[in-house]
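What follows is the residue order along each chain.
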Amino acid sequence: KRIDLVVCRYTRNAETEVENCNWVVIAGTPVSSNPVAPTYTVGNLQKGDLVDDCPVFEVHYDGINVTEVKKILSVAPNLTEFVKPYHQRRISSLISQMKSLL
């Protein structure tokens with residue numbers, strides 16, 4: 001049994017300052033029972049780190065068989081869900097202003 005991590009790996013070249021993003025699989029350690037996900041690099045490119053792994057999926061194996069793929073990255077709602085309340089308030093305010101002019 002084993003758990004692998006599929007991560008989105010962000011890197012920054014210290015010399016060129018070029019940032020890159022690649023999909024990487026970090027293989028876990030096979031065990032007879034109770035496998036654990038492997039460790040990954042936690043970094044912050046904004047604070048000068050050169051590598052940051054963002055785990056997206058756990059792939060669970062039993063022998064050579066994939067038994068489960070777990071999504072572990074939480075996804076924020078789409079932008080319209082954030083913007084909609086603002087626009088509704090703004091439209092209400094504009095309607096009120098227009099009514100006061102009549």
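Provided above is the structure to which this section pertains.
Presented here is a report on the structure given in the accompanying data block. (Residues numbered from 1 in each chain as written. Predicted model: local features only at pLDDT ≥ 70, side-chain atom pairs only at ≥ 80, totals over all residues. Heavy atoms only, no water.)

### Concerning the sheet that holds strand 4 (residues 65-71)
Reading across from one edge, 2-1-3-4 is the order of the 4 strands in this open sheet, with antiparallel pairing throughout. Every interior strand has two partners, whereas the edge strands, strand 2 (19-26) and strand 4, have only one. Sheet twist, expressed as the average angle between the axes of neighbouring strands with direction ignored, equals 25 degrees. Relative to strand 3 (residues 51-62), strand 1 (residues 2-12) runs antiparallel, the two sharing 10 bridges. Each bridged residue has a counterpart across the sheet, and for T11 the counterpart in strand 3 is V51. (Pairing = 2+ DSSP bridges. Helix = DSSP H or I, 4+ residues; strand = E, 2+ residues; numbered from the N terminus. Axes fitted to C-alpha atoms, helices over the stretch in contact; angles between N-to-C directions.)

### Observations concerning the pairing of strand 3
Sheet topology places strand 3 next to strand 4; 6 bridges connect them, and they run antiparallel. Within the sheet, the bridge partner assigned to F57 lies in strand 4 and is K71. The hairpin turn running from strand 3 into strand 4, its antiparallel successor, is 2 residues long, and G63 in that turn takes a positive phi close to 70 degrees.

### Some remarks on a nonpolar patch on the surface
Among the surface-exposed residues, F57, V66 and V69 lie close enough to one another that they form a single nonpolar patch of about 250 Å² accessible area. With respect to the secondary-structure elements, F57 resides in strand 3. Classification of F57 by relative accessible area gives partly exposed; the value is 32%. (Patch = residues over 30% accessible without salt bridge, like charges linked within 9 Å, V, L, I, M, F, W, Y side chains within 5 Å. Areas by Shrake-Rupley, 256 points an atom, 1.4 Å probe, with all protein chains shown as cover. Salt bridge = Lys/Arg side-chain N within 4 Å of Asp/Glu carboxyl O. Buried < 20%, exposed > 50% of the residue type's maximum accessible area, 1.4 Å probe, protein only.)

### Structural notes on the packing of aromatic side chains
Counted by the stated rule, this structure contains 0 aromatic pairs. Taking NZ or CZ as reference, R2 lies 4.5 Å from the ring centre of Y61, over its face. (Phe/Tyr/Trp six-rings, centres within 6.5 Å; stacked < 30°, edge-to-face > 60°. Lys NZ or Arg CZ within 6 Å of the ring centre and 35° of its normal.)

### Brief notes about unusual backbone geometry
Even without a glycine there, the phi angle at E17 is positive, about 65 degrees. The phi torsion at N34 lies on the positive side, around 55 degrees, for a residue other than glycine. Residue position: N34 is located in the loop between strand 2 and strand 3. Residue class for N34 comes out exposed when judged on its relative accessible area of 69%.

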